[in-house]
Amino acid sequence: MRFLSTRGQTEPLGFSAAVATGLAPDGGLFLPETLPDLSGELADFAWLGYADLCYEFLRRFATDVEPTALKELVARSYRHFTHPAIAPLEQLGENLFVLELFHGPTLAFKDFALQFLGNFYEHQCRLRGETINVLGATSGDTGAAAIHGLLGKPGVAIFILYPDGRIAPLQERQMACTGAANVFPIAIEGTFDDAQAALKDVFGDQDFRTQHRLSAVNSINLARVLVQCVYYLYAWLRLPVAKRQNVEFVVPTGNFGNVLAGWMLQKMGVPIRGFKIATNQNDILYRLFTTGEYRLAPVAPSLAPSMDIQVASNLERFLYYAAGRDPARLRKIMETFKATGAYRFEHFNADTFTASHCTDAEISAITRQVYQKYGYICDPHTACGFKDLSRDRVSVMLATASPAKFPDVIRAATGREPTHPSLEALKSRLIVRHLLKADPAGIKAFIAEHGV
Ligand SMILES: *Cc1c(COP(=O)(O)O)cnc(C)c1O
């Protein structure tokens, strides 16, 4: 299988190269050249456990990875999940289900992709006899999940920049209390945007990048999207047969990565009715899917911080298909958007998608109502999904984080304080972090000193 750039000005690459490259040199994102048709395989898939299903799915894309190696590294990726089902599907009502995606090491759904990516990087290093330095910037969950995907791996060091004092204390502890010698959490003086700008600058230095074999960890990586398709398939196979075709997956959304994965699975012949895009008050995607206009607006911090985004980086993959897989048209859309901060779609076909948005007050109210009605405690991101629930479809809510990560919000809304043993254990551990200025030269010197 080959992978093409959405912008059409990069040579197609195999799976391993596309994953290692991240952003395509022409500025586009990689997509499979063709999507396999899975409709004839669904009956066989129904019996597989999570890791086996993941292998069966991925082997259709990762055709340049030796099958036994792929199988082994997939199996290892789900070994540190604490629930035997990996992604348990809980039923709350006749037509209401919750797919819990927070039983991995950092208690958020990003573990699904980043546990795999960590093992994949390690595998590639071993194969080539090379070392790599992984660098990323985070406003919370991604950094923690990336660190836990790579901690203790030989031949890999990981550096994560985050804005000092602007991420949740528990999230900082998840990054800074691992005790692993190859992990370097870097608190940057400034905002997330300052950290992001410094990161861009470091990656912009080609010589430094090559010399230190820098690799990015970010939400646009091809492997992340593909790996995330699997839990949609797994959940679909666990629904009662009579409900499957009428299912709408409800997806708390920021960068459009998670919902894109579900939509791609639908394009592979899995009969899913649709998707609900659930945003918080930063609702650029809600506006796009209800009005056809994609328009930037300032970001306002919310109770669901992992969805506080400005530009949904993975949307480009969806737009590529919406533009009839025509890279020239896609480039024009992206250019207009970059120049004016807006794009209006004339015939925006949003049949498959519904959308909702949720203020902070609504997040709190919904958290309370869901607890009172179902006895179920959901985290603030998941709460956004419960807004405007469909009456005539079967809803599967993707629960993207454990409520234990947001004890203050939950206590205020329900009077209960959810805890989790892995978070409790963190509270007594030593914090090891490095404080740096948002200065590319200083960050490069740090990497040169501590990297592998
Ligand atoms: C990252 C994240 C999201 C948003 O996921 P996208 O793929 O960016 O849409 C939602 N909830 C939680 C808890 C997250 O960490």
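Preceding this section is the structure that the text describes.
Here we summarise the structure given alongside this text. What you see is a predicted model; the values in this text were computed from it and never measured.

Things to note about the overall build of the protein chain
Alright, step 1. Counting secondary structure elements, the protein chain contains 20 helices and 15 strands.
Alright, step 2. The C-alpha radius of gyration of the protein chain comes to 21 Å, within 12% of the 22 Å expected for a compact globule of 452 residues.
Alright, step 3. Over its C-alpha atoms, taken along the principal directions, the protein chain stretches across nearly 60 × 50 × 50 Å.
Alright, step 4. Looking at the protein chain as a whole, 57% of its 452 residues are labelled buried.
Alright, step 5. A fraction of 74% describes how many contacts in the protein chain between residues 6 or more apart in sequence connect residues 24 or more apart.
Alright, step 6. Here the protein chain displays about 18,100 Å² of accessible surface, and carbon together with sulfur accounts for 51% of that area.

Things to note about helix α13 (residues 284-291)
Alright, step 1. Within α13, the full set of buried residues consists of Ile284, Leu285, Leu288 and Phe289. Viewed end-on, α13 has its buried residues packed into an arc of 125°, placing them on one side of the element.
Alright, step 2. Residues of α13 that are buried in the fold lie against β10 (274-279), β11 (293-295), α14 (315-322) and β13 (353-357).
Alright, step 3. Just downstream of α13, Gly292 is the residue with a positive phi angle, here 85°.

So, the pattern of salt bridges
Alright, step 1. Under the definition given, this model contains 21 salt bridges.
Alright, step 2. Glu248 is paired through a salt bridge with Arg393; the nearest N and O atoms lie 2.9 Å apart. In this pair, Glu248 sits in strand β9 (residues 247-252) while Arg393 sits in the loop between α17 (380-385) and β14 (394-399), placing the two residues 145 residues apart along the sequence.
Alright, step 3. Taking relative accessible area as the criterion, Glu248 reaches 2% and is therefore assigned buried.
Alright, step 4. With a closest N to O distance of 3.0 Å, Arg287 and Asp283 form a salt bridge.
Alright, step 5. One network of salt bridges, with partners in common, ties together Glu72, Arg76, Glu122, Arg126 and Lys153.

Thoughts on unusual backbone geometry
Alright, step 1. For Ile86, which is not glycine, the phi dihedral falls at a positive 65°.
Alright, step 2. Within the secondary structure, Ile86 is located in the loop between α4 (67-77) and β3 (89-93).
Alright, step 3. Overall, Ile86 belongs to the buried group, its relative accessible area being 10%.
Alright, step 4. The backbone of Asp388 shows a phi angle near 50°, a positive value even though the residue is not glycine.
Alright, step 5. Locating Asp388 in the fold gives a position in the loop between α17 and β14.
Alright, step 6. Judged by relative accessible area, Asp388 falls into the exposed class, the value being 53%.

A look at the sheet that holds strand β5 (residues 132-137)
For sheets, the rule is that strands pair by backbone hydrogen bonds, running either parallel or antiparallel.
Alright, step 1. The strand order across the open sheet built from five strands is β8-β5-β6-β7-β15, with neighbouring strands paired in parallel fashion. The open sheet terminates on both sides in strands that have one partner only, identified here as β8 (214-216) and β15 (434-437). Strand-to-strand twist in this sheet, taken as the mean axis angle between neighbours without regard to direction, amounts to 30°.
Alright, step 2. One ladder, built from six bridges, connects strand β6 (residues 156-163) with strand β7 (residues 183-189); its direction is parallel. If you follow Ile160 over to β7, its bridge partner there is Pro185.
Alright, step 3. Across the sheet, helix α6 (residues 141-150) touches β5, β6 and β7, and the angle it forms with β6 is around 165°.
Alright, step 4. Across the face of the sheet, helix α20 (residues 440-450) comes into contact with β5, β6, β7, β8 and β15 while running at roughly 145° to β15.

Rules used throughout
Residues numbered from 1 in each chain as written. Predicted model: local features only at pLDDT ≥ 70, side-chain atom pairs only at ≥ 80, totals over all residues. Heavy atoms only, no water. Helix = DSSP H or I, 4+ residues; strand = E, 2+ residues; numbered from the N terminus. Rg over C-alpha atoms; globule rule 2.2 N^0.38 Å. Buried < 20%, exposed > 50% of the residue type's maximum accessible area, 1.4 Å probe, protein only. Contact = heavy atoms within 4.5 Å. Areas by Shrake-Rupley, 256 points an atom, 1.4 Å probe, with all protein chains shown as cover. Arc of directions from axis to C-beta. Salt bridge = Lys/Arg side-chain N within 4 Å of Asp/Glu carboxyl O. Pairing = 2+ DSSP bridges. Axes fitted to C-alpha atoms, helices over the stretch in contact; angles between N-to-C directions.

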